[in-house]
There are 2 protein chains.
Amino acid sequence: MHARAHDARAQTPSGLVMQRKLSNSAAIQTFNFHRSLLEDSARTNAYRAAIEDVVREGDVVADIGCGTGILAMFACRAGARRVYAIEEEAVIEIARELAHANGFDDRITFIAGSSLNAALPERVDVVVTETMGNNGLDEQIAGTIAHARDAFLKEGGTIIPRALEMIAAPVERSSFHERWPSSYGLDFSPVREHVVNLFHPLAIARSELLATPATMARVDAPAARGSAAWTITRDAMLSGIAVWFRAELTPSIAIANEPESELRCWKQSFFPIAAPRAVRAGEVVRAELQTFDGIEWVWRVDEETRTTLKGWPISV
Amino acid sequence: MHARAHDARAQTPSGLVMQRKLSNSAAIQTFNFHRSLLEDSARTNAYRAAIEDVVREGDVVADIGCGTGILAMFACRAGARRVYAIEEEAVIEIARELAHANGFDDRITFIAGSSLNAALPERVDVVVTETMGNNGLDEQIAGTIAHARDAFLKEGGTIIPRALEMIAAPVERSSFHERWPSSYGLDFSPVREHVVNLFHPLAIARSELLATPATMARVDAPAARGSAAWTITRDAMLSGIAVWFRAELTPSIAIANEPESELRCWKQSFFPIAAPRAVRAGEVVRAELQTFDGIEWVWRVDEETRTTLKGWPISV
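Each value, and the rule that gives it
Every chain is numbered on its own, with residues counted from 1 as its sequence reads. Just so you know, chain letters begin at A and ligand numbers begin at 1, following the order they were written in. Local features in a predicted model are, by the rule used here, given only for residues with pLDDT of at least 70; side-chain atom pairs are given and counted only at 80 or more, and totals for whole chains, interfaces and linings are based on all residues. With hydrogens and water stripped out, all remaining heavy atoms of the structure feed into the side-chain values. A score between 0 and 100, pLDDT records how confident the predictor is in each residue. What makes two residues a contact is simply this: any of their non-hydrogen atoms within 4.5 Å. The rule for pairing is simple: two strands pair if DSSP sees at least two bridges between them. Runs of H or I in DSSP of at least four residues are treated as helices and runs of E of at least two as strands, each being numbered from the N terminus. Here an angle of 0 to 180 degrees is reported between the N-to-C directions of two axes, which are lines fitted to C-alpha atoms, with helices fitted over the stretch in contact. The source of the domain bounds is an automatic or database domain assignment. A 1.4 Å probe defines the accessible area here, and the buried area is the portion of it lost by two parts on being joined, summed over both. Salt bridges, as used here, are contacts in which a Lys or Arg side-chain nitrogen is within 4 Å of a carboxyl oxygen on Asp or Glu. Whenever two N or O atoms come within 3.5 Å, that pair is a polar contact, provided that in protein one can donate a hydrogen and the other can accept it, and provided that, for residues adjacent in sequence, both atoms are side-chain atoms. The residue classification treats Ala, Val, Leu, Ile, Met, Phe, Trp, Tyr, Cys and Pro as nonpolar and Asp, Glu, Lys and Arg as charged. All others, Gly included, are polar. Burial status follows relative accessibility: with a 1.4 Å probe on protein chains alone, a residue under 20% of its type maximum counts as buried, one over 50% as exposed, and anything between as partly exposed.

Draft legend 1. Spotlight on the confidence of the model for chain A. Residues and elements named next belong to chain A. With 88% of its residues at a pLDDT of at least 70, chain A reaches an overall mean of 86. Per-residue pLDDT stays below 50 along residues 1-15; that stretch engages in 7 contacts with residues further than four places along the chain or on separate chains. On the interface metric, ipTM, the complex scores 0.77, and its pTM is 0.82.

Here it is as structure tokens:
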């Protein structure tokens, strides 16, 4: 019954109209996330400045994870002859409409899907991608860039961002471990055990940091492994570590989503330990963080190791 | 390569362990939403009281869209002999663990999937479901209940909620239509056109209401059609109408997510008109709202008709 209705619909003009409207609607869902990126003017203007610095008249550009296509349109305005705009979510339909409305659709070629599967008809002068997650790597940007360098970029071409660092600090967030208590007289402890094995996007306050932030890793490949040691600055309960990124877009333009940064579209990534423990001012805390692919993460704070096998962070 | 790796993994014990961890992790993602439901004590305690009112020692209960299984566990505590807990999202794995931890797994039978495809081995005394969206119907509760009444419920059995009303009022929300402006010197108007054809979950303030709320429809089937007329109470710009629900759980227990309600896990549904227009105190505004399935919605405010063909609301 369903299959027949679907077949009939696909063969009628009005069916086509309905399919078109439905998929627009899916694009609008994802647009909502992208609107928060657009509204972060610190983020968007930094990328605009980087594109204006780097893109020359006649350049060919690849924009990976183009979203609404705003960076692709910036590249056109900076003089790009051709932009390959690659996006795997439905928001690419919005990007097509915006490119058309702004008169760039003859210069932007949209490619729906993952850049890892994309084939471009020519090599590009510039690869630009804004696919940093809250800790930098959790949208798999490092693998995306490594692949794009091999598959898309000319010798001597430029990548935006040109470098990425992971920065971290120990954190006291006393409410975190209290959020899965016994509820309504029922035992919810099984959930708590799972939740402390994932990382979480949290807006961390500077006052929650227990030491001066330190660079854990400078990332240049899909795999990242880093460690840091901090001297705790006050007696507190240690809840885990916060991790964020610093991205060098060009030699003169960088952005970093540290706690209370002016960048509004990113929080920080919180990597909890199993149970809070007391730390004293002057005590040294060490942590290691490792991922092979941006998806599976292992972290260790002093002796205790936590692992998450799926990198989609959850919000709390 | 991928397929082979997958096959190998499926045949090894360690592969099974990894699959288990991965799917737990997916369950944790959806748990985050369900935690917001649990933390809404007004919502959860109203359902608990309704279940305690209705469920008798030895009853058989179906909990549709059981989430973390908390209502199923309440039913067990109220004396249910057997609860069929049906859930189509991965959070059902969390529900299984919680049922086990709380000693109810011998009385709760979990069924993964949509209730529309479920077959129960016996008829039930009570159907309970908390699948109201922000306007009541947008999680398709009306169709769910109509089906459950036919397929699962004994003659003379009880459904929680026993009735559902949609309530609405005209709204001034001046910022709504200004949220898709020209950005960074680019034209974003194509997006605006799409966005005003969807409804949106918004937290509406009482001060934004332009008239006394009125019941638009009392819902008793998957289809709902209703209308209301309001006398505007002050000169304002009309942006659209807000719609919420009142659910009668039992004859003595009701919940309603009106603006500034104590129910924290629901907002209101905002149905925008294409462009705000001036209204005067004393003017009468009429609106109609129609859905056949909770997915496709048509609304008309005075002469102007808007349609959304996919009911997943977006947040702004």
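Draft legend 2. Inspection of the sheet that holds strand β4 (residues 124-129) of chain A at higher detail. Residue and element names in this part refer to chain A. An order of β3-β2-β1-β4-β5 is seen for the 5 strands of this open sheet, with the pairing classed as parallel. At either margin of the open sheet sits one strand with a lone partner, and together these are β3 (108-112) and β5 (153-160). Strand-to-strand twist of the sheet, defined as the mean angle between neighbouring strand axes without regard to direction, takes the value 20°. Relative to β4, strand β1 (residues 60-64) runs parallel, the two sharing 4 bridges. By the bridge assignment for β4, D63 is matched with V128.

Draft legend 3. Focus on the domain arrangement of chain A. Residues and elements named next belong to chain A. Domains assigned within chain A are domain 1 (22-130) and domain 2 (164-314). Facing the 12 residues of domain 1 at the interface are 10 residues of domain 2. Its largest share of buried area at the contact with domain 2, domain 1 owes to D40, A42 and A46, together 40% of the area lost on that side. There are 0 salt bridges connecting domain 1 and domain 2. Summed over the shared surface of domain 1 and domain 2, the number is 2 residue pairs in polar contact (both at pLDDT 80 or more). Contributions of two or more residues to the side of domain 1 that touches domain 2 are made by α2 (13-39) and α3 (41-54). Ranked by the residues each element gives to the side of domain 1 that touches domain 2, the list is headed by α3, at 8 residues. When the residues that make up the side of domain 1 that touches domain 2 are grouped by side-chain class, the tally is 7 nonpolar, 1 polar and 4 charged.

Draft legend 4. Looking closely at the pattern of salt bridges. All names here are of chain B. Within the structure shown, the criterion is met by 28 salt bridges over all chains. With its nearest N and O atoms 2.8 Å apart, the salt bridge here joins E130 to R43. Pair noted here: E130 is in the loop between β4 (124-129) and α6 (141-151) and R43 is in helix α3 (residues 41-54), with a separation of 87 residues, a long-range link. Owing to a relative accessible area of 9%, E130 belongs among the buried residues under this scheme. In this structure, E208 and R173 form a salt bridge, with 2.6 Å as the shortest nitrogen-oxygen distance. Taken together, the residues span a long stretch of sequence, with E208 in the loop between β7 (200-202) and β8 (214-219) and R173 in the loop between β6 (163-171) and α7 (189-195) at a distance of 35 residues. Of the two residues, E208 and R173, both sit in the buried class.

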